[in-house]
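Spelled out, the chains give:
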Amino acid sequence: MLRSRSARFLSSASLPLPPRALTTIIKKAPTVRAVLKAYDGAADDANEVHVTSVWARLGELVMRGGGARAELRGDPPALARCREATLRLIPTADFGAAELAGTAHGLARARVGAREPWAALWTALQASTPPRLAEFTANELWVVAWAFSTHGPPPRWRALYGSLASEAGGRL
């Protein structure tokens, strides 16, 4: 009997994996459960690329529909652990422009909102973005502006928008 695609991802995610293999499994996981199982199985070794990949994949799955958003609303323990790991990684030097933009984009697409338990994550992204704006590509600047515009009225993110506008204007 053939196992389902989801079952194959779940079983493969429980093995010790090289970092690139874990990233690939996360990016190809067919369900929210498979994404979180893959991440949680390697959480102790997860890095900035892994957590960014989790948020990006969850955002993709929510955009496709099929109950992914409802699964996230339940705030499974693995999701909370990934959120906490992301909070720890954001202030580090390894969490660069691509990771900041990718995480913000994934969170926005996943429609997690900006209220608790997500507020701390959005606040950390907001605080860490301006010092690194020179590292951002034009597309990453746009992605961050779009992601924050989907999560709260502009006054809430006024300082970030000002920083983004200054950086973008300086490149014209």
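Residues numbered from 1 in each chain as written. Predicted model: local features only at pLDDT ≥ 70, side-chain atom pairs only at ≥ 80, totals over all residues. Heavy atoms only, no water.

Visitor: Would you mind showing me how to read the packing of aromatic side chains here?
Guide: Any pair of aromatic rings gets described here by the distance separating the centres and the angle formed by the planes. Inspection of the entire model under this criterion finds three aromatic pairs. Here W55 and W118 contribute two aromatic rings whose centre-to-centre distance is 5.6 Å and whose plane-to-plane angle is 80°, an arrangement assigned as edge-to-face. Separated by 63 residues along the polypeptide, W55 in helix α4 (residues 48-64) and W118 in the loop between α7 (97-110) and α8 (119-128) bring together distant segments of the chain. Residue W55 is classed as buried on the basis of its relative accessible area of 1%. Here W122 and F148 contribute two aromatic rings whose centre-to-centre distance is 5.0 Å and whose plane-to-plane angle is 80°, an arrangement assigned as edge-to-face. Taken together, the residues span a long stretch of sequence, with W122 in helix α8 and F148 in helix α9 (residues 138-149) at a distance of 26 residues. Per residue, the accessibility class of W122 equals that of F148, and both read buried. Three or more aromatic residues link up through ring pairs in this structure, and these residues are W122, F148 and W157. Looking at R83, its charged tip hangs above the ring of W118, at a distance of 4.4 Å from the centre. (Phe/Tyr/Trp six-rings, centres within 6.5 Å; stacked < 30°, edge-to-face > 60°. Helix = DSSP H or I, 4+ residues; strand = E, 2+ residues; numbered from the N terminus. Buried < 20%, exposed > 50% of the residue type's maximum accessible area, 1.4 Å probe, protein only. Lys NZ or Arg CZ within 6 Å of the ring centre and 35° of its normal.)

Visitor: When you look at the side chain of Q126 in this model, what are you seeing that I'm missing?
Guide: Positionally, Q126 belongs in helix α8. Setting aside anything within four residues of it in sequence, one finds Q126 in contact with F148, R156, W157 and L160. (Contact = heavy atoms within 4.5 Å.)

Visitor: Please clarify how the environment of V54 should be interpreted in this entry.
Guide: You can see V54 is positioned in helix α4. Taking the C-alpha atoms as reference points, V54 and A29, 25 residues apart in sequence, are found 9.6 Å from one another. Other than its neighbours up to four places away in sequence, V54 contacts I26, V35, Y39 and C82.

Visitor: For this particular structure, what's the right way to read the environment of T31?
Guide: Along the chain, T31 falls in the loop between α2 (19-28) and α3 (32-41). Here the alpha-carbon distance between T31 and V62, two residues 31 residues apart in the chain, equals 9.6 Å.

Visitor: Help me out: how do you make sense of α8 in this one?
Guide: For α8, a buried count of seven out of ten residues is recorded, marking the element as mostly surrounded by other parts of the structure. Taken together, the buried positions of α8 are occupied by A119, L121, W122, A124, L125, Q126 and S128. On the buried face of α8, the contacting elements are α4, α6 (77-89), α7, α9 and α10 (158-171).

Visitor: Just checking my understanding: could you explain unusual backbone geometry for this structure?
Guide: Glycine aside, a negative phi is what most residues show, and trans is what most peptide bonds show. Cis geometry marks the peptide bond from E116 to P117; its omega dihedral reads 10°. When you line up the elements, P117 lands in the loop between α7 and α8. At D75, a position not held by glycine, the phi torsion is positive, near 45°. Mapped onto the elements of the fold, D75 is located in the loop between α5 (68-73) and α6. For R111, which is not glycine, the phi torsion reads 55° and is therefore positive. Among the secondary structure elements, R111 is positioned in the loop between α7 and α8.

Visitor: Got a minute to help me understand the pattern of salt bridges in this structure?
Guide: Between side chains of opposite charge, pairing is possible as soon as their charged atoms come close. Throughout the structure, instances matching the rule amount to four salt bridges. R81 serves as the salt-bridge partner of D40, at 2.5 Å between the closest nitrogen and oxygen. Linking D40 in helix α3 with R81 in helix α6, this pair joins segments that are 41 residues apart in sequence. Residue classification places R81 among the partly exposed positions, given a relative accessible area of 40%. Between R171 and E167 there is a salt bridge, with the nearest N and O atoms lying 3.0 Å from each other. Taken together, the positions of R171 and E167, both in helix α10 and four residues apart, correspond to about one turn of that helix. (Salt bridge = Lys/Arg side-chain N within 4 Å of Asp/Glu carboxyl O.)

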